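Now for the letters of each chain:
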Amino acid sequence: MEPQLMEPLPGQPPPAVPVAPSARAVFRETSAAGRTVEVPLAQLSVELGHFYPEDFHDGAGALAAHFRRIAPWAEHSSLGALVGAAGRPTRVSTCLLVDDYSEPDTLPPPGVVLPELIAAAGAHGLVIDYIARESACVENGRVPLARLVEKALIPDPPYGTNGSRPPVHETGWLCNGSRSVSTAEVPAMGGRTPWHPPAENAARRHSVFLDAELWTEEPGPEGRLWSCSFLAAVWQLLRLGLLRARGETVVNPVPVDLTDLPDGWADFPAIGRMTPRAAPFCAYRTFSALGTTYLPVEHAVRVILGQVGIDPAALASTVRRAAEEGLTVPAEPADRLTYLFLSR
Amino acid sequence: MPASTRPAPARARAGPAPAENLDVLVGEVRTTLLQNSHQVGADTVARLLDLDPGRRVLRATRPFTYAVSPDERVGVHCPLPTGSGTRADGVGTVLARASVTGGIILQASARARLVRAAGERRLPWSHYLTNPGTIEVGARCGAPDLTAGFLRDSARSSPAAGPAREYLDLGAVVNRLLNQVQRMPYIDRVTMLRARRTRLRFAVTWRSPDSGELAESPDIELVVHDETSRTVRLRLPASISDPAEAVVACEDLALHDWLLTTVANLMENSRIGVDPAAEVVARIRPAVDHLLHLWMPGARVAEDLGWMWTALERRPGFSRQWTSLRGQIQNQLLLAVLEKPAAAPTHGNLVFQDGVEGISHRA
Amino acid sequence: MIVFATSDKGGTGRSVTSCNVAYRRAMQGSDVCYLDFDFGSPTSGAIFGVEAAGQGTPTGRGLHTYLAGGTAEAEQFDVWTQSTLGGGWARPLGAGRLTLLPGDAGGGEFPVNKQMIRRCTDLFLSLDEEFELTLVDLSAGRSYATELVLRATADPVLAAKTTRWLVFHRWTRQHIVAASGLVHGTQGILETGAEYGHRKPDLEDGIRFVRTAVLEPESPQLASLRPEQSVWLQSYDIDLQRLAGKMRLGSSLMIGSIPLDPVLQWREQIIVEDDISTTRIANAETGQAFEALAERLTDKSLWEGL
Ligand SMILES: Nc1ncnc2c1ncn2[C@@H]1O[C@H](COP(=O)(O)OP(=O)(O)OP(=O)(O)O)[C@@H](O)[C@H]1O
Ligand SMILES: [Mg+2]
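A few points on the structure. This one's a predicted model, so the numbers in the text were calculated from it and none came from an experiment. (Residues numbered from 1 in each chain as written. Chains lettered and ligands numbered in written order. Predicted model: local features only at pLDDT ≥ 70, side-chain atom pairs only at ≥ 80, totals over all residues. Heavy atoms only, no water.)

1. Quick notes on the interface of chain C and chain B
Residue-level contacts link 23 residues of chain C with 28 residues of chain B. Note on chain C versus chain B: buried area summed over both sides is about 2,100 Å², and carbon and sulfur give 41% of it. When the area that chain C buries against chain B is broken down by residue, the three leading residues are Arg 61, Glu 73 and Glu 129 of chain C, summing to 29%. Our enumeration of links across chain C and chain B arrives at six salt bridges. Counting the contacts that link chain C with chain B gives 15 residue pairs in polar contact (both at pLDDT 80 or more). Considering every element that reaches the side of chain C that touches chain B, the biggest residue donor is helix α5 (residues 114–130) of chain C, with eight residues. Its residues assigned to classes, the side of chain C that touches chain B shows six nonpolar, four polar and 13 charged. (Contact = heavy atoms within 4.5 Å. Buried area = accessible area lost by both parts, 1.4 Å probe. Salt bridge = Lys/Arg side-chain N within 4 Å of Asp/Glu carboxyl O. Polar contact = N/O pair within 3.5 Å; in protein donor to acceptor, adjacent residues only side chain to side chain. Helix = DSSP H or I, 4+ residues; strand = E, 2+ residues; numbered from the N terminus. Nonpolar A, V, L, I, M, F, W, Y, C, P; charged D, E, K, R; others polar.)

As structure tokens, then:
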């Protein structure tokens, strides 16, 4: 013991200040610097629909009717205007989402669903480049995407939010303003606060207040059932190429061999590429053709997107690369979304 | 498009001269001891700071191990304190991060850059998210007013200040982050040394390039308010423009100030000269084992901010005080060895001799 | 170390005794903080003579508001500089810190929820970074405060922290029965603690009893008793001893006994050295009893499992 005690103490004080050196040393540790990868980008991502299990129980006729109605809107000539490209856009990819998440047991297997979809779309001149399964928005096989996006939420602060209270992550809801009842605990015999109406932040005189449920608790390993709105927000972010996990891309489409489809959806890739020479899955802007029943869902999507903190490097790279092509892309993700809502 | 539906913003009307440019970086750093019975390894540190599955912990090993969490982003919309009492509201986001130095010192800092809002209306939230770490200030008050308010506001903790107003509270953001790390499963929460959390608030402004001769002369003003609270006011030439470096410099300052405060406190409470040196040494042992080697002022500070430490070494002389504390510790260690022979005279003496030999050989 | 002060009945002397113990412990050189978790009536500020928080703090940053999530940090008062009592209360040489965290003026009891437990563990953890002793004065009886700390200390994040309980009671039949009930009875500390995930034997090992305002039969204060009264008192005291043993709070589990003191009888206060040696209004034995209890809080031999 004693000998050690006599040793000089660790770290003799260095010369108080680095003497102004004329030679400059460059020292770098790679683990000390962050980085964000770029992803391939199309100009527009067109969503041809969002399909539930029941859509496949109504026979091929129902699917065909859907594609027939949207076909005129998905023509390249009309899409060019959406991108702001003079004439025709050069890079458009199409995709659709199959819901294998909310009622996984009732969805027919890929071997039934895929040929039906492709045939119905093809009958109206539509090509499906990518097919994704909704459960991949929860977890794409490597990254828990839903949790990642939830973690990136920066709730829209009502006036009076000064950092002293943690944001309301725990509750599983997200709104665009302040709720009518304060949920703060009131002590015994403490005064109650009177009711006040909910209010939208930055409202124009009158509020359109929206409170979206992100998830509910569920027994099981994940412990959560994510809401359709939240997963749709993840889906839009994937299509916009704005998600990164530790700086790496989370979009890795896998070519699908139609002659050798898996028996279950769990074995289907998160995002399957159906056409070999498709434009990239991610794009500067998205266009979605949906039934009006999706209107409230997409309203929630926009409320959620307006509160997701995006990797600044990823955001900047889309703007810069679009500019290099002579296109403008809005700074805010929600402004990059276009919809077509179809009546029944 | 929405702009067309609302009346022209107020500031377009005739009124006081358009407000001048605003750019103030404000922040707060809190420093404490990681609650573990010994210093933790680099991998554990990385897990402690892995607060966001979407982003990376950054780590360095030279000149000491250091790791920092990804930035947490916190939305705020609240009044900002001003020196004059003028009302000033801000909307935007604060960035906060936690870091561990030497596997043992835990820091958290929060920061935001105050800039002038383009109009008086609050914009949709997504607008503020495109520029994280920025708070847009609606009022016309200037940088000196905001700086004065922010730095003075640290006195708010005195009970005389009355009911808390809901001013921007960077301290709360930082404290929450410290708490979050301290309750992680990877540490045992056995306290090796009682140490207080110190807090350092900082405000940084840049001189406009046309302020003549002054433009190039930086200055720093460090105020020690009480045992745990400090403020730093930095005025930088426009040429040193990277706010990230200023934040690192303030974190580095806070770390060394904490080391000084903690070790000085420990020495003061170790009953030097009252109790036998061996007992004193047992009390100061954790500092010897885990803290002394971490003293490297300015090691992480960017070259163009090196003058900061030069100035602080001149006055108040951080390293002078540190050297004197080390001297005191060394004396106690020496005394402990000298007093030891009472228990086992010959043996103890021999070992002592060996020790001296050992050192002179190496020197 | 975190020490909880509780009692089944109100007015036992829990607050006065634990404030005095905190003071003594700080005088002995430890850094001590005192938390007023008596949410129904937060009055420890008055005992310490911290006028700004006499009946709780009016700033809205007291423990009630902190636990309810209304403020990020609970207000702290440095007793050495804020106390108006005893004139020269500047921190004596060699003394540790003595910090008070008061409740809110006008605060009341409130039911416990998950976030509150989280805030409570955060509070205990951050105080334990800097204080050697955290003394928590709980509400009397089976209270929300007791539920809160039982649930908080059951959280594994506090597993490495030593927690101890002092159960205060007066030296009367009813008090003895009540104190025993609070610990061993239905919905008592042990039963409830076990429900929240504590191991009963561990919890029980950390519980000791403190008798307050005790008149020892041989006390000089009783010198004027008639012989009949003395005899009765002697034998009744033996009865009480027997009862205490039967109720599992006998002398082996008693860690302190504070004599009845005339000053405390009339005024809730800290007894300082001056009160004993200069003005001589307080009894030296009272001071010694506080002093001893303060030392015993950390005396391992007294806290070994029995
Ligand atoms: N050793 C003592 N000798 C005489 N009186 C005492 C003694 N200890 C406490 N008292 C007095 O008993 C009364 C009750 O004490 P205290 O307020 O500390 O009790 P408590 O248990 O905290 O009560 P509550 O449950 O109301 O908080 C006070 O007036 C106090 O001064
Ligand atoms: Mg009381």
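Read on, since the account is not over.
2. Structural notes on the interface of chain A and chain B
Residue-level contacts link 57 residues of chain A with 66 residues of chain B. When chain A packs against chain B, the two sides together hide about 5,400 Å² of surface, and 57% of this comes from carbon and sulfur. Where chain A touches chain B, the interface holds two salt bridges. Between Asp 50 of chain B and Arg 246 of chain A there is a salt bridge, with its nearest N and O atoms 2.9 Å apart. On inspection of chain A and its partner chain B, the count reaches 20 residue pairs in polar contact (both at pLDDT 80 or more). Of all the secondary-structure elements, those providing two or more residues to the side of chain A that touches chain B are α1 (2–6), α5 (145–151), β10 (244–245) and α8 (312–324) of chain A. For the side of chain A that touches chain B, the element with the highest residue contribution is α1 of chain A, accounting for four residues.

3. A short note on a nonpolar patch on the surface
A cluster of nonpolar side chains, Leu 334, Leu 335 and Leu 338 of chain B, forms an exposed patch at the surface whose accessible area comes to about 230 Å². Examined against the element boundaries, Leu 335 of chain B turns out to sit in helix α8 (residues 318–339). (Patch = residues over 30% accessible without salt bridge, like charges linked within 9 Å, V, L, I, M, F, W, Y side chains within 5 Å. Areas by Shrake-Rupley, 256 points an atom, 1.4 Å probe, with all protein chains shown as cover.)

4. Digging into a negative patch on the surface
Residues Glu 54, Asp 58, Glu 103 and Asp 105 of chain A make up a contiguous surface patch of negative charge. Locating Asp 58 of chain A in the fold gives a position in the loop between β1 (42–51) and α2 (60–70). (Lys, Arg positive; Asp, Glu negative; His and termini not counted. Charge placed at Lys NZ, Arg CZ, Asp CG, Glu CD.)

5. Structural notes on the packing of aromatic side chains
Scanning the entire structure with this criterion turns up 19 aromatic pairs over all chains. Summarising the aromatic geometry, the rings of Phe 37 of chain C and Phe 124 of chain C are spaced 6.0 Å apart at their centres and angled 25° between planes, so their arrangement reads as stacked. Note that Phe 37 of chain C is positioned in strand β2 (residues 32–37) and Phe 124 of chain C in helix α5, a separation of 87 residues in sequence. Arg 300 of chain B extends its terminal NZ or CZ atom over the ring of Tyr 66 of chain B, reaching a point 3.6 Å from the ring centre. (Phe/Tyr/Trp six-rings, centres within 6.5 Å; stacked < 30°, edge-to-face > 60°. Lys NZ or Arg CZ within 6 Å of the ring centre and 35° of its normal.)

6. Digging into α8 of chain A
Residue and element names in this part refer to chain A. Under the 1.5 Å per step criterion, the end-to-end length of α8 is 18 Å for 13 residues, consistent within 8% with the ideal 18 Å. Within the sequence span of α8, burial applies to Ala 314, Leu 315, Ser 317, Thr 318, Arg 321 and Ala 322. What you see down the axis of α8 is that its buried residues fit within an arc of 160°, all on one side. Residues of α8 that are buried in the fold lie against β10 and β14 (283–291). One side-chain oxygen of the residue at the start of α8 lies 2.9 Å from the amide nitrogen of Ala 313, identifying that residue as Asp 311. Two residues or fewer after α8 comes Gly 326, characterised by a positive phi angle close to 80°. (Expected span 1.5 Å × (residues − 1). Buried < 20%, exposed > 50% of the residue type's maximum accessible area, 1.4 Å probe, protein only. Arc of directions from axis to C-beta.)

7. So, the nonpolar core
Ranked by internal contacts, the top residues of the largest apolar core, which has 87 residues, are Phe 67 and Leu 117 of chain A. Here Phe 67 of chain A is in contact with Leu 48, Phe 51, Leu 96, Leu 117, Ala 120, Ala 121, His 124 and Leu 126 of chain A, once residues within four sequence places are set aside. (Core = buried A, V, L, I, M, F, W, Y, C linked by side-chain atoms within 4.5 Å.)

8. Quick word on the sheet that holds strand β15 (residues 337–342) of chain A
Residues and elements named next belong to chain A. Across the sheet, which stays open at both edges, the seven strands sit in the order β12-β13-β3-β2-β1-β14-β15 with mixed pairing between neighbours. Since the sheet does not close on itself, it has two edges, and those belong to β12 (254–255) and β15, each with one partner. By the bridge criterion, five bridges tie β1 to β14 in an arrangement that is parallel. Across the sheet, the residue bridging to Glu 47 is Ser 288, located in β14. Along the sheet, helix α4 (residues 110–122) contacts β1, β2 (92–98) and β3 (130–133); its crossing angle with β2, the most-contacted strand, is approximately 140°. Across the face of the sheet, helix α6 (residues 228–239) comes into contact with β1, β2, β3, β14 and β15 while running at roughly 140° to β14. (Pairing = 2+ DSSP bridges. Axes fitted to C-alpha atoms, helices over the stretch in contact; angles between N-to-C directions.)

Purely spatial values, then, with no claim about function.
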